[in-house]
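Read off the chains here:
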Amino acid sequence: MTLQQEIVGNAMQMAVVNLQPGQTVYCEAGKFLFKTTNVTMETRLSTPSGNGGQQTQGGGSGGMGGLLRQAMGTAMQVGQRMLAGESLAFQYFTSQGGEGTVGFAGVLPGEMRALELDGTRAWFAEKDAFVAAESTVDFGIAFAGARTGMSGGEGFILEKFTGYGTVIIAGAGNFIDLNPADFGGRIEVDTGCVVAFEEGIQYGVQRVGGLNRQGIMNAVFGGEGLSLATLEGNGRVILQSLTIESLANALKKAQGGDKQGPTGGLFSTHAG
């Protein structure tokens, strides 16, 4: 059953979801806005792939061993999310006795996007991009590899969505959709601008320039730090125009706090 949803708003968008009777949608804790009274809300530690956090009744299939395996699976899910810095719990919303409505939003001023999964390709997203999904979509944590994590930081831990149905993500600023195949098969991006990409896209991090005069100038005065994200292959890539770091720096500057100064993002001065 396709999730009926509408993304509304401009600078701070939100998703309004219409649920059919018995249909369930879940969100990360903190992304819920409003609901109609016939929509029930339940908080669980596990995702739908972990049986929704509900115990199996009786001893017919699994018994005590099944309950133990389920508990261990839930503990592993929670441990992964804790390591990734994600919310430990999810909120589940189910419409009872008729159609219901639920509203969700991200945590930063920016856009939202509804992605449709058909079971053939997974989607990967940066941390905190996930807003909500119908219960047929599985939420997981993916690790980009130690080399990528040590080089770039932001891309080390990713959210992974598999299964069928609609998943809603959010980012900062405006979105642009690109396909690296349209640009010679590879694009280089500020590490904080990547929102999401399809399975099949190769994600990595590279140093900006060489260890020479121009490379040092790029890193120190260019404001990009020492690394760029690389995206290769044929598939959809979603980028955002505003990074969390640039937003934080703008707010600090407006408040008379930390300022980047002439050296961009590599060094910062701390006022009192």
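What you see is a predicted model, and the numbers here were worked out from it, not measured in a lab.

Scoring rules and cut-offs
- Residues numbered from 1 in each chain as written.
- Predicted model: local features only at pLDDT ≥ 70, side-chain atom pairs only at ≥ 80, totals over all residues.
- Heavy atoms only, no water.
- Phe/Tyr/Trp six-rings, centres within 6.5 Å; stacked < 30°, edge-to-face > 60°.
- Helix = DSSP H or I, 4+ residues; strand = E, 2+ residues; numbered from the N terminus.
- Buried < 20%, exposed > 50% of the residue type's maximum accessible area, 1.4 Å probe, protein only.
- Patch = residues over 30% accessible without salt bridge, like charges linked within 9 Å, V, L, I, M, F, W, Y side chains within 5 Å.
- Areas by Shrake-Rupley, 256 points an atom, 1.4 Å probe, with all protein chains shown as cover.
- Salt bridge = Lys/Arg side-chain N within 4 Å of Asp/Glu carboxyl O.
- pLDDT = per-residue confidence, 0-100.
- Contact = heavy atoms within 4.5 Å.

**Section: the packing of aromatic side chains**
- Within this structure, the stated rule accounts for 12 aromatic pairs.
- Between Y26 and F90, the ring centres sit 5.7 Å apart and the planes meet at 80°, which makes this aromatic pair edge-to-face. Taken together, the residues Y26 in strand β3 (residues 24-28) and F90 in strand β6 (residues 90-95) connect sequence positions 64 residues apart.
- Summarising the aromatic geometry, the rings of F124 and F197 are spaced 5.7 Å apart at their centres and angled 25° between planes, so their arrangement reads as stacked. Of the two residues, F124 sits in strand β9 (residues 123-126) while F197 sits in strand β15 (residues 194-198), which places them 73 residues apart along the sequence.
- Judged by relative accessible area, F197 falls into the buried class, the value being 2%.
- Put simply, the rings of Y26, F90, Y92, F130, F139 and F161 pair up and form one aromatic cluster.

**A few points about a nonpolar patch on the surface**
- Together, M14, L33 and F34 line one region of the surface with nonpolar side chains, adding up to about 240 Å² of accessible area.
- Relative to the helices and strands, F34 resides in strand β4 (residues 32-35).

**Observations regarding the confidence of the model for the protein**
- The predicted model of the protein has a mean per-residue pLDDT of 79, with 68% of residues at 70 or higher.
- Per-element confidence in the protein ranges from a low mean pLDDT of 44 for helix α2 (residues 146-152) to a high of 97 for strand β7 (residues 100-105).
- Counting interchain partners and residues more than four positions distant, the pLDDT-below-50 stretch residues 50-61 has 19 contacts.
- Taken as a whole, residues 146-155 scores under 50 in pLDDT and shows 17 contacts with residues more than four places along the chain or in a different chain.

**A closer look at the pattern of salt bridges**
- Across all of its chains, the model carries seven salt bridges by this definition.
- Of the charged contacts in the structure, one is a salt bridge between E42 and R44, with a shortest N-O distance of 3.1 Å.
- Classification of E42 as partly exposed rests on a relative accessible area of 39%.
- Given a relative accessible area of 13%, R44 falls into the buried group.
- Close ionic contact of R113 with D177 constitutes a salt bridge, the shortest N to O distance being 2.8 Å. Of the two residues, R113 sits in strand β8 (residues 112-118) while D177 sits in strand β13 (residues 175-178), which places them 64 residues apart along the sequence.
- Overall, D177 belongs to the partly exposed group, its relative accessible area being 36%.
- It is possible to trace a salt-bridge network through shared partners that takes in R113, D177 and R236.

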